[in-house]
Structures are given as C-alpha cells and as structure tokens.
Amino acid sequence: MNVCYVWDDKLIDFCDQLPAVMGRAKVVHCLIQAYGLHNKVKVVRSTPATYEELKEFHSELYLDHLKTFIDVDDDYMTSVQDEEYGIGYDCAPVSNMFGLVSHIAGSSVTASKCLVMGLADVAINWCGGWHHANRFGAEGFCYVNDVVIAIEKLRKKFSKVLYIDLDVHHGNGVQDAYNISKSVFTLSFHKYEPGFYPGTGGLNDIGTLSGTGYSCNMPLHAGYTDDTMEYAFEKVFNLVYSHFAPDAIVIQCGADALAHDPNGGAALTARSYCKCVRMVLDKRKPSMLLGGGGYQHSNAARLWTCITAMVAGVELDEQIPEHIYWPEYGPTYTIAIDPTLIKDANKSCYIEDCINTIKGNLEKYLGKSSHAEPVVKRLKSKIENAKETLRLDSKKIHKDKNKFRNTSVGIHNMVKHAQDQTNHRSKIVDKSDVYDFVE
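Reading the values: rules and limits
Residues numbered from 1 in each chain as written. Predicted model: local features only at pLDDT ≥ 70, side-chain atom pairs only at ≥ 80, totals over all residues. Heavy atoms only, no water. Helix = DSSP H or I, 4+ residues; strand = E, 2+ residues; numbered from the N terminus. Contact = heavy atoms within 4.5 Å. Areas by Shrake-Rupley, 256 points an atom, 1.4 Å probe, with all protein chains shown as cover. Buried < 20%, exposed > 50% of the residue type's maximum accessible area, 1.4 Å probe, protein only. Phe/Tyr/Trp six-rings, centres within 6.5 Å; stacked < 30°, edge-to-face > 60°. Lys NZ or Arg CZ within 6 Å of the ring centre and 35° of its normal. Patch = residues over 30% accessible without salt bridge, like charges linked within 9 Å, V, L, I, M, F, W, Y side chains within 5 Å. Salt bridge = Lys/Arg side-chain N within 4 Å of Asp/Glu carboxyl O. Lys, Arg positive; Asp, Glu negative; His and termini not counted. Charge placed at Lys NZ, Arg CZ, Asp CG, Glu CD. UniProt positions renumbered as here; feature names shortened; annotations may be inferred. Polar contact = N/O pair within 3.5 Å; in protein donor to acceptor, adjacent residues only side chain to side chain. Expected span 1.5 Å × (residues − 1). Pairing = 2+ DSSP bridges. Right-handed = clockwise from strand over helix to strand, strands pointing away.

Asks: Can you tell me about the overall build of the chain, naming the residues and giving the values?
Replies: Looking only at helices and strands, the chain has 14 helices and nine strands in total. For the chain, contacts bridging at least 24 residues in sequence account for 79% of all contacts bridging at least 6. Carbon and sulfur atoms provide 54% of the accessible area of the chain, an area that totals close to 19,400 Å².

Asks: Tell me about the environment of Val-144, and please be specific about residues and values.
Replies: As for its position among the elements, Val-144 is in the loop between β3 (122-125) and α7 (146-154). Under the relative-accessibility criterion, Val-144 is labelled buried at 2%. Separated by 11 residues in sequence, Val-144 and Ala-133 place their C-alpha atoms 5.4 Å apart. Contact partners of Val-144, with chain neighbours within four places excluded, come to Leu-54, His-58, Val-101, Ile-104, Ala-105, Trp-130, Ala-133 and Ile-149.

Asks: An account of the packing of aromatic side chains is needed here, citing residue identities and associated values.
Replies: Scanning all chains against the criterion turns up 12 aromatic pairs. Ring centres of Phe-185 and Phe-244 lie 5.4 Å apart, and the angle between their planes is 50 degrees; on these two criteria the pair is classed as tilted. Here Phe-185, found in strand β5 (residues 184-191), pairs with Phe-244, found in helix α9 (residues 226-244); they are 59 residues apart in sequence, far enough to count as distant. Classification of Phe-244 by relative accessible area gives buried; the value is 1%. Against the face of Phe-244 rests Lys-160, its NZ or CZ located 4.8 Å from the ring centre.

Asks: Quick rundown of a negative patch on the surface? Include the residues and the values.
Replies: A grouping of Asp-71, Asp-73, Asp-74 and Asp-75 is seen on the molecular surface, where their side chains present a negatively charged patch. Among the secondary structure elements, Asp-71 is positioned in the loop between α4 (60-66) and α5 (80-84). Owing to a relative accessible area of 67%, Asp-71 belongs among the exposed residues under this scheme.

Asks: Now, about the UniProt feature "active site" (unreviewed entry) in the chain: what can you tell me, with residues and values included?
Replies: Feature annotation in UniProt places "active site" (unreviewed entry) on His-132, given in this structure's numbering. Relative to the assigned elements, His-132 resides in the loop between β3 and α7. Discounting residues that sit within four places of it in the chain, His-132 has contacts with Glu-139, Gly-140, Cys-142, Asn-145, His-169, His-170, Asn-172, Gly-173 and Tyr-197. There is a polar contact of 3.1 Å between the side chain of His-132 and the side chain of His-131.

Asks: Report on helix α6 (residues 97-116), specifying residues and quantitative values.
Replies: Between its terminal C-alpha atoms α6 stretches 28 Å, which fits the 28 Å expected from 20 residues at 1.5 Å a residue. Within α6, 19 of the 20 residues are buried, which leaves it mostly tucked inside the rest of the structure. Looking one or two places after α6, you find Gly-118, whose phi comes out positive at around 75 degrees.

Asks: Before we move on, can you summarise the pairing of β5 with the specific residues and values?
Replies: Across the eight residues that make up β5, a large majority, eight, are buried. Side chains Val-184, Thr-186, Ser-188 and His-190 project from β5 onto one buried face, and the interleaved Phe-185, Leu-187, Phe-189 and Lys-191 project onto a second face that is buried too. Where strand β4 (residues 161-165) and β5 come together, five bridges link them in parallel fashion. Its bridge partner lying in β5, Leu-162 is registered against Phe-185. Regarding the hand of the β-α-β motif, the stretch spanning β4, helix α8 (residues 172-177) and β5 is right-handed. The pairing of β5 with strand β6 (residues 215-220) spans six bridges and is classified as parallel. Counted as the bridge partner of Leu-187 is Cys-216 from β6.

Asks: Mind laying out the pattern of salt bridges, listing which residues take part and the relevant values?
Replies: All told, the structure shown has 13 salt bridges when counted by the stated rule. Glu-152 is paired through a salt bridge with Arg-155; the nearest N and O atoms lie 2.9 Å apart. Judged by its relative accessible area of 18%, Glu-152 falls in the buried class. Here the residues in one salt-bridge network are Asp-226, Asp-227, Glu-230, Arg-271 and Lys-275, joined through shared partners.

Asks: Which residues make up the environment of Glu-60, and what values go with them?
Replies: By secondary structure assignment, the location of Glu-60 is in helix α4. Between the C-alpha atom of Glu-60 and that of Phe-136, which follows or precedes it by 76 residues, the distance is 8.6 Å. Once residues lying within four places of it in the same chain are set aside, the contact partners of Glu-60 are Tyr-51 and Lys-55.

Asks: Could you give me a rundown of the pairing of β6, with the residues and numbers involved?
Replies: Counting buried positions along β6 gives six out of six residues, so the element sits mostly inside the fold. Taking every second residue as pointing to the same face, both faces of β6 are buried, with Ser-215, Asn-217 and Pro-219 on one and Cys-216, Met-218 and Leu-220 on the other.

Okay, here's the thing in structure tokens:
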C-alpha cells in the first residue's frame, strides 16, 4: 500500500494559529516524527489552495471579506459584516485569515492530488477535516471547508465519492454541500443529543430532492464506547458501501469522540477508530484520511499517530519516545488512550432499530444491493492482507543494520534540533525527503 503524508512548515504554523486548537498541529507532527513514521511514508509538501480552488465551494464575497483581515489586534471588535460571514463568537478573527484558509484547504487539495495522480493509495492530512464551514461563511471553529474542496478535486477522476465522518459532531457542512447530489454519499457517526452542536444529523436526515437517500446519519447517545462504535460502523458502512459502490473514500477522523475530550461526551479510544479505518482501507479504494476536532491535544496526537502507524504497517512501542512535547503525555507517557467509566447510553435495541431504518432507506432510494463482495473474493482479500503483513515483518527482520543505524541517528538529530530552537519549530524531515508538486 502506497501512503503519502501531507506536510509543510507554513501549514503547521497556520494550523497552530487556529483559536480552537492553538498549538495542536506541532504536537501531532512531533509525535509522528518521534516515532519515525515519516520515514515509512512518502512525505508530500503541501501547497496553498488558489483563489479559484477555494471558489470551488466558497463564495467570492466570503473569500474577499477574509482578505480584509491582515493584522488583527487582541482588542479587535467584530463588525456586523464580520458576523454575517460567521466571524465572531466561535470563529474568532485572526491575522492573515485568507492565508490561513488557503493553506488549510491547500493541504487537503494536495492530498486529493496524490490520489487523482495515482501517487498513493492512501493520503493522510491531519491538518484538514474542517467539516462545519458553509459556502457563505465560517462556522463551528471552521473557517474553510477543505473537505468539500478536496472532494471536488477527487470528482474530476472519481465519479462516486463516499464521505465518512467519525467526528463527535455531525458533519453538517459537508452534508449540506451535497444534500441534493447522487455522486457524493455522506455518512456520519456522531453524538446526537438535545442542545449538542450542531443539532443536525438525525436518523431521518437523508438528503433532499434528487439527493434523497444519499445522506446517512447514525445518531448516537452520549458515552458511546468502542464496542458500540465498532458494531454500528461495521453494519452501516458495509450496507452503504454495497449499495453506493464508491470509487474513492474520504474519512474525517475527528478526535473529539475520544474519551476525556472536553468538547465531546463520547468514550472512544484509538481501538475503534483504527478498526473503522481498517474496515474502509480493506476495500482497497483510493482513500483520504483527514483530521478535524480533538481538543485534548495529547490524545489527538496519540490517535492520529496510531492511525498513521497502522496505515504504514508499523507497530508502535507502548512507551512514547522522548521529544520536545514528551511532558504533555504524563502521567503514563504511553501511547494508549485511557477509557472512561462513563455508562454507554446506547442500548442494543436502539442501535438495531437505527441499522434497520438505514437499511430500509438504502433499499428504498438506492435499490437492492448489487455490489456485495462474494465470499471467495473476501477470503482472497484476507489472504492477500496476511501475505502483506508477513512480507512487512520479513522486511523488518532483514533490514540493513547500517540503514537502521543511520535512521536512528537522523531521528535523534531532528529531535535535538527541535529542542534547541527557541520558537519550537519542528522540521519533520530533511528537504531532500519531501516530494513537491510541479504544476
């Protein structure tokens, strides 16, 4: 499996300016670097999205308004026009806002190019996944809907795209963008409770007009656990996949459904996220993995590092390697995310009723499934996966000792370099190891 990982220094800097997740991007990238995962994937330098690419979804009025934010002081008072474009309460104004949205959107566009050009089977961009922004403004900590812009890029090659949202909040911005579309199917697993943002994504929220049936929501009650998520995801995802038969898949892996997230209310660990992503990747379709929410930074870093390692075929050491942000992972200093003792409010009868309703909607609006994989094909896929695992293990055992030594020294030097810098910049790889797109 060919895997690309989108990165750029300026991208990290801009992401670290996002008020809701200030400083998170460096924490995530430094943990990935500390484990040496950047040496196991193809690192592709992110390039900013152009004005024309941003216009694939956002209005020119909104984009032009963002350009007016150059240097924003701490005492800046939002205007009526700012608030009309969603700049204010949950999306505070920041300096160089157009540069921010172009870099964030550009990272997901870069990931989509990797898939469209066949450079990778899986493209990873943990700086993306801002799924609430709408065509005319910011919303829910999201200043740009990089997800929709990336999907539009994918549609130039892949006629049918499946979007899967694992964030604890419903992916309303993406669903609204494709509410009347049959070429993009939106599937969201999220907490659905009275008063919980954004308040959309009910079981009967299935799209409108020509797109009726092409949106699917699995509304979960508070405290949903790994067992609940894994069971619901396996049933619903396979139903959707067999009926829709996508050509490419985008997965938003928002980390705010993890246990202990201050804005979540779910109780997941990395186990269920990894199992859900693995189910998707086992379909062997071009896939994009994006970030999203995740407001306990150390746990978001743990999760996305675990997923990156799984995709790259690397088994992580339980003990987190020492690096500049190592103190953030106390008191355990391990990669595992501790579960909670919160009671799962989702009863099995409720989950089954939701699955049956979803199945009925799919059969009603998309017709009987005609794309289910035969047993022989599924067994063949499992055998191929087992062979790939054995091949990776064998390759690890017979690795050249000198190469291993040089890699270890390289990681040590990079970590030391990061620690010495006063601005804590994190150079994830040497420039010679980064692939650039040449237009």
